[in-house]
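A look at the structure
Spelled out, the chains give:
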2 protein chains.
Amino acid sequence: MPAKPKALFFDVFGTLVDWRSGVAREARAVLGPKGFDLDWSAFADAWRGEYQPGMEEIRAGRQAFARLDVVHRRNLERILPRFGLEQTEEATRQALIHAWHKLDAWPDVTAGLAGLRPHALLAPVSNGNISLMADLARHNGIWWDAILGAEVAGDYKPKPRVYLASCEAFDLPPEACMMVAAHSADLAAAARCGLMTAHVARPDEHGASTGEAAPKVPVDVAVKELGELARWLGA
Amino acid sequence: MPAKPKALFFDVFGTLVDWRSGVAREARAVLGPKGFDLDWSAFADAWRGEYQPGMEEIRAGRQAFARLDVVHRRNLERILPRFGLEQTEEATRQALIHAWHKLDAWPDVTAGLAGLRPHALLAPVSNGNISLMADLARHNGIWWDAILGAEVAGDYKPKPRVYLASCEAFDLPPEACMMVAAHSADLAAAARCGLMTAHVARPDEHGASTGEAAPKVPVDVAVKELGELARWLGA
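Here goes a summary of the coordinates provided.

Here is what the cut-offs are and how they apply
- Residues numbered from 1 in each chain as written.
- Chains lettered and ligands numbered in written order.
- Predicted model: local features only at pLDDT ≥ 70, side-chain atom pairs only at ≥ 80, totals over all residues.
- Heavy atoms only, no water.
- Salt bridge = Lys/Arg side-chain N within 4 Å of Asp/Glu carboxyl O.
- Helix = DSSP H or I, 4+ residues; strand = E, 2+ residues; numbered from the N terminus.
- Buried < 20%, exposed > 50% of the residue type's maximum accessible area, 1.4 Å probe, protein only.
- Arc of directions from axis to C-beta.
- Pairing = 2+ DSSP bridges.
- Contact = heavy atoms within 4.5 Å.
- Axes fitted to C-alpha atoms, helices over the stretch in contact; angles between N-to-C directions.
- Least-squares fit on C-alpha atoms with pLDDT ≥ 70 in both.
- Parallel < 35°, antiparallel > 145°, perpendicular 65-115°, else oblique.
- Left-handed = near helix turned anticlockwise from the far one by under 90°.
- Nonpolar A, V, L, I, M, F, W, Y, C, P; charged D, E, K, R; others polar.

**Concerning the pattern of salt bridges**
Residues and elements named next belong to chain A. On inspection of all chains with the given rule, the structure shows 40 salt bridges over all chains. The shortest N-O distance in the salt bridge between Arg67 and Glu151 comes to 4.0 Å. Of the two residues, Arg67 is situated in the loop between α3 (51-59) and α4 (68-79) and Glu151 in helix α8 (residues 150-153); the sequence distance between them amounts to 84 residues. Through salt bridges that share partners, Arg73, Glu77, Glu90 and Arg93 make up one connected network.

In C-alpha cells form, the structure reads like this:
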C-alpha cells in the first residue's frame, strides 16, 4: 500500500454534487412559473455539453481567464435559442446561472467528507469559482480547509497548473496530495503531475448507468463512496 | 443602522490569534531544549517588528510577491544574529517558521466565529498564506467559507487589491462586505475601498495594554469581542 496523502483534492461537479438533476430542478423552478415546459434534463445536458468547449477557449489561450460563472453565462447564451428561450430577461438568466450554486451533494458526500477530515486537509480542486464552491459547501454542510482550483490557479483542469498550484497552496509536494474524482481524465492529468489518485464511482452522473462505474486508468484506490475512502485511509 | 454585510473578512494576526505569546511559546519549545534561554517575548517582538518592512519590499514592487512563510523566513534570518542564533540549523529554522502555524486564538474567537456563521460568509483576509491560514483554522476549530487574502490577491494589505479581490471572489460589491480587525490602519484601508468596517478591541496584543482598545478611525461598529459583533448583526 502506498504512503497516505496529507491532502485530498476533490473534483466537484459529478464527483460530489449531482449537477444534472440539480440544474434540471432549478431551471424548472425558475422557468416553469413563466409558462415554459421543457425537457429539463435535456436542458441540463445541453448546458453541460458546452462546458468543455467553453473552457477550452481559455485553456488554449484564445480567451483570457474568466471564472466559471462567466463561462456558464456564455454557454447559457449559446443554448437558449435551442429551447425557444432567446427572449429570456436578464434577471432570469442570472437566476439560471445561480442554479449551479444550489446543487445537492450525492447522498454519501456530507458525512463522507466529515469522516475524511481527521485523515487529511480537504479542498475542492474544481473548475468552479470560489463563490460557487463556497455556496455549494454551505448548501451541503461541507467543511473545507481552503477552496483551491481554477480561480486560484487562473486556468482550467486538466491543465497541470491547476493541480500543481493546489499542492503549492498547501505547501506540499504533489506526491503528498491525492486527487479524488469520478472522471478518469481528471485523474490521469493529476497523476501526470505526480499526485496520487482515487476514483469514486458515480454511475448515474448523466442519468442512469451513464457515468464511470470504475476507473479507465490506473489509480491508487477505487471506491464506491467516500466512506470507503475514509476506511482505506484509516487502514 | 447601516445595511448588514453579506460577508465578513477577518484580519488574523492580532485580531483572531495571539501571535506574541504563541511565537514566544513555540520558539521556547524549539530552542529551549537546544540550550538557548532568550527573552522569548522580545524574540517574538523582534520577528514581528520586521513584518511591515518585509512586506513593504513587495508592496512597493521592489521584490516579487512571495507568500508570508517566505517573508517570515527572510525576517527570521535578519533577527537571528541579534539573539546569538546565527548558527541555527535549517531544520530548526523551519520549525521556527512553523511556529506561526500553531498560534492560539483569543478566547472569544472559536465560539464567536461559529456564532457569526449564520449571519454572513466568513473568510480570513490576512497577509498570511493559504497553508498558514488552513493550519490556524484546524488548530483552533475555525470553519471558513474560503481562504482569501494576500496569496489569492498576489499582494499585501493595506494595498487596495487585497480587499477588492476578496469581494470579487465572493461576487459581492465592496459595500456588501465588512472588514473586521483590531488595527485601525487595516480598517481605514478597507473603508477607502468601500467596505464596511468593524473594530475588535485587542488591548493586550503586544503585551498588557499595548494594543488598540478602541478604533482611531471612524468604523461602522466597534466591539470588545466577536460575540458582540454577532449580536449587532442579529439586531
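Moving on from the model shown.
**So, α3 of chain A**
Residues and elements named next belong to chain A. Buried within α3 we find Tyr51, Gly54, Met55, Ile58 and Arg59. Looking straight down α3, one finds its buried side chains confined to an arc of 140°; they lie on one side. The first or second residue beyond α3 is Gly61, which carries a positive phi of 85°.

**Points about unusual backbone geometry**
For the peptide bond that leads from Lys157 of chain A to Pro158 of chain A, omega is 5°, which places it in the cis range. Inspection of the secondary structure assignment puts Pro158 of chain A in the loop between α8 and α9 (160-169). Residue Asp171 of chain A is not a glycine yet carries a positive backbone phi of 60°. Counting through the fold element by element, Asp171 of chain A comes out in the loop between α9 and β4 (177-181). Phi at Ser209 of chain B is positive, roughly 60°, even though this residue is not glycine. Following the sequence through the fold, Ser209 of chain B ends up in the loop between β5 (196-200) and β6 (221-223). Using a relative accessible area of 66% as the deciding quantity, one classes Ser209 of chain B as exposed.

**Considering the sheet that holds β6 of chain B**
Residues and elements named next belong to chain B. Pairing is parallel in the open sheet, where 6 strands are placed in the order β3-β2-β1-β4-β5-β6. What marks the edges here is a single partner per strand, and that holds for β3 (148-149) and β6. Relative to β5, strand β4 (residues 177-181) runs parallel, the two being bridged by 4 bridges. By the bridge assignment for β5, Ala181 is matched with His199. The sheet contacts of helix α11 (residues 226-234) involve β1 (7-10), β4, β5 and β6, and relative to β6 the element is tilted by about 145°.

**Remarks on the relation of the copies chain B and chain A**
For the pair chain B and chain A, the superposition axis carries a translation of 0.0 Å, the fit reaches an RMSD of 0.0 Å, and the rotation angle comes to 180°. Put plainly, the chains are arranged around a two-fold axis. Within chain B, the C-alpha atom positioned nearest to the axis of rotation is that of Ala146 of chain B, 2.7 Å from it. A shared interface surface links the copies, since 100% of the contact residues of chain B are contact residues in chain A too.

**Topic: the sheet that holds strand β3 (residues 148-149) of chain A**
Within a sheet, each strand pairs with its neighbour through backbone hydrogen bonds, oriented either parallel or antiparallel. Residue and element names in this part refer to chain A. The 6 strands lie next to each other as β3-β2-β1-β4-β5-β6, forming an open sheet whose pairing is parallel. Every interior strand has two partners, whereas the edge strands, β3 and β6 (221-223), have only one. Sheet contacts for helix α11 (residues 226-234): β1 (7-10), β4, β5 (196-200) and β6; angle to β6, the most-contacted strand, approximately 145°.

**Topic: the packing of helix α2 (residues 40-49) of chain A against α4 of chain A**
All names here are of chain A. It is the contact of α2 with α4, at a shortest axis distance of 9 Å, that shows an interaxial angle of 125°. As far as their axial angle goes, α4 and α2 are oblique. Between α2 and α4 lies a crossing whose hand is right-handed. When α2 is examined against α4, the residues Phe43, Ala46 and Trp47 are found in contact with a partner set consisting of His72, Asn75, Leu76 and Ile79. Of the residues in the contact of α2 with α4, the class split is 5 nonpolar, 2 polar and no charged.

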